[in-house]
Amino acid sequence: MTFDRSVKIAPSILAADFANFGAEIEAVEAQGADWIHVDVMDGHFVPNLTFGPAMCAAIRPHIKTVMDVHLMISPVDPYIEAFAKAGADIITAHVEAGPHIHRTLQAIRASGAKAGLALNPGTPAEAAAPLLDLVDMICVMTVNPGFGGQSFIHSCVQKVTELREMIGDREVHIEIDGGVDPRTAPIVTAAGADVLVAGSAVFKGGSVQNPAPYGDNMRAIRSAAA
Ligand code: DX5
Ligand code: ZN
């Protein structure tokens, strides 16, 4: 992965057909997705359950771009190696997920993956300050993690501005996760974000049989964000 700050759209397969992930990923990539965002939930750190490393390994051969694995789990450390072996390019852990986030980020990099740090809406930008040299991406949650289709929390935008300033020249992406659509995308890219996760706003109206709406939806987000 080479670093750049161009806008990247990362469809969240949380909004795809769970019975058909391989074909959904191929369809959304053919329609212009830059990365594929994979939401792992444990029913403990967040009030929902999704899937684990075996599912990530199963979908890996269908991903030609970047496999961006968002771990909404606690503890994180016992599972890092398994997600790295499953082929994750980026593994993101939450700062709120445990007492030793510094160790977790070191372990992610040691596994060979890029390290992401996610901040819940209630967590200030300062939580990332001591960790800026250990991360390749900061994921600003603009909804409370656990579910797709929630409304964007506008008070999180100020945090993006602060993080962009803190990051300076470091090669650290800012990812936005939750409620991204053509109305909210330009607000966060103006504040300094470059990776836009979108579930409902990408997958709505389309299917594997009729994938053109995926392309239309991503073009609408991209042109609004430009
Ligand atoms: C929420 C997940 C998101 C979610 C976004 O916990 O981390 O990635 O799928 O879904 P939308 O785009 O529908 O808000
Ligand atoms: Zn996510």
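Use the structure listed above.
Everything numeric here is computed off the predicted structure, so don't read it as measured data. (Residues numbered from 1 in each chain as written. Chains lettered and ligands numbered in written order. Predicted model: local features only at pLDDT ≥ 70, side-chain atom pairs only at ≥ 80, totals over all residues. Heavy atoms only, no water.)

1. Concerning the overall build of the chain
Under the convention used in this document: In DSSP terms, a helix is any run of H or I states spanning at least four residues, a strand is any run of E spanning at least two, and both are numbered starting from the N terminus. Using a 1.4 Å probe on the protein chains alone, a residue whose accessible area is under 20% of its type maximum counts as buried, one over 50% counts as exposed, and one in between counts as partly exposed. Residue contacts follow a heavy-atom distance rule, with two residues in contact if any of their heavy atoms lie within 4.5 Å. Where accessible areas are quoted, they stem from the Shrake-Rupley method and a 1.4 Å probe; at the residue level, only the protein chains shown are allowed to cover.
Across its full length, the chain holds 8 helices and 8 strands. Dimensions of the chain, computed from the C-alpha atoms along their principal axes, are close to 45 × 35 × 35 Å. Counting over 226 residues, the chain shows a buried share of 54%. The long-range fraction of contacts in the chain, counting pairs at least 24 apart against all pairs at least 6 apart in sequence, stands at 66%. Entry remark: accessible area of the chain is about 9200 Å², with carbon and sulfur atoms responsible for 53%.

2. Thoughts on the pattern of salt bridges
Basically, it comes down to this: By definition here, a salt bridge exists when the distance from a side-chain nitrogen of Lys or Arg to a carboxyl oxygen of Asp or Glu is within 4 Å.
Scanning all chains against the criterion turns up 8 salt bridges. Among the ionic pairs, Arg60 bridges to Asp89, the shortest N-O distance being 2.8 Å. Of this pair, Arg60 sits in the loop between helix 2 (53–59) and strand 3 (67–72) while Asp89 sits in the loop between helix 3 (80–85) and strand 4 (90–94); the two residues are 29 residues apart in sequence, bridging distant segments of the chain. Look at Asp89 and you get partly exposed, because its relative accessible area is 24%. The residue Asp216 makes a salt bridge to Arg219 at a minimum N-O spacing of 2.9 Å. Highlighted residues: Asp216 and Arg219, both in helix 8 (residues 212–225), separated by 3 residues, approximately one helical turn.

3. Notes on the site of ligand 1
How we decide: A molecule or strand has a residue near it when one of that residue's heavy atoms lies within 4 Å. Distance and chemistry together define a polar contact, namely a pair of N or O atoms within 3.5 Å, with one atom able to donate a hydrogen and the other to accept it when in protein, and with adjacent residues in sequence counting only for side-chain atoms on both sides.
Lining the immediate surroundings of ligand 1 are 20 residues, of which Asp39, Gly146, Asp177, Gly199 and Ser200 lie closest. In the environment of ligand 1, an oxygen atom lies 3.3 Å from a nitrogen or oxygen atom belonging to the side chain of His70. Gly199 has a polar backbone atom sitting 2.7 Å from an oxygen atom of ligand 1. The protein chains hide 99% of the 390 Å² of surface that ligand 1 would expose on its own. The set of elements that each furnish at least two residues to the shell around ligand 1 consists of strand 2 (36–41), strand 3 and strand 8 (195–198).

4. Notes on the coordination of the zinc ion (ligand 2)
Defined as follows: Only nitrogen, oxygen and sulfur atoms within 2.8 Å of the metal, or 3.2 Å for Na, K and Ca, are treated as donors, and water is left out, so sites may look incomplete.
Around the zinc ion (ligand 2), the protein supplies His37 (NE2), Asp39 (OD), His70 (ND1) and Asp177 (OD) as donor atoms, at distances of 2.0 to 2.3 Å. The sequence pattern formed by the donor residues of the zinc ion (ligand 2) is H-x1-D-x30-H-x106-D. With His37 in strand 2 and Asp177 in strand 7 (residues 173–177), the pair connects residues that are 140 residues apart, well separated along the chain. The exposure classification of His37 matches that of Asp177, with both residues buried.

5. A look at the nonpolar core
Selection rule: In this text, buried Ala, Val, Leu, Ile, Met, Phe, Trp, Tyr and Cys residues form a nonpolar core when linked through side-chain atoms within 4.5 Å.
In this structure, Ile13, Val38, Ile138 and Ile176 are the most contacted members of the largest nonpolar core, which totals 72 residues. Formed by 7 residues, the second largest nonpolar core is a distinct cluster that contains Ala10, Val66, Ile90 and Met137.

6. Let's talk about the pairing of strand 5 (residues 114–119)
Where we set the bar: If DSSP finds at least two bridges between two strands, the strands pair.
For strand 5, the tally of buried residues reaches 5 of 6 residues, placing the bulk of the element in the interior. Bridge count between strand 4 and strand 5: 5 bridges; the pairing is parallel. Residue pairing across strands places Ile90 opposite Lys114, the latter belonging to strand 5. As paired strands, strand 5 and strand 6 (residues 137–141) are joined by 4 bridges and run parallel to one another. Each residue of the ladder has a partner; that of Leu117, found in strand 6, is Ile138.

7. Structural notes on helix 1 (residues 21–30)
Structurally, the α-helix is built with 3.6 residues per turn, so residues lying three or four positions apart point the same way. Where burial is concerned, most of helix 1 is hidden: 7 out of the 10 residues are buried. The inward-facing, buried residues of helix 1 contact strand 1 (8–11), strand 2, helix 2, helix 7 (200–203) and helix 8. Positive phi shows up at Gly32, right after helix 1, with a value of about 115°.

8. Description of the side chain of His70
The residue His70 is located in strand 3 in this model. Classification of His70 by relative accessible area gives buried; the value is 0%. A distance of 3.1 Å separates a polar atom in the side chain of His70 from a polar atom in the side chain of Asp39. Discounting residues that sit within four places of it in the chain, His70 has contacts with His37, Val38, Asp39, Val40, Thr92, His94, Ala118, Met141 and Asp177.

Note that every value here comes from positions in space, so none of it alone points to a role or purpose.
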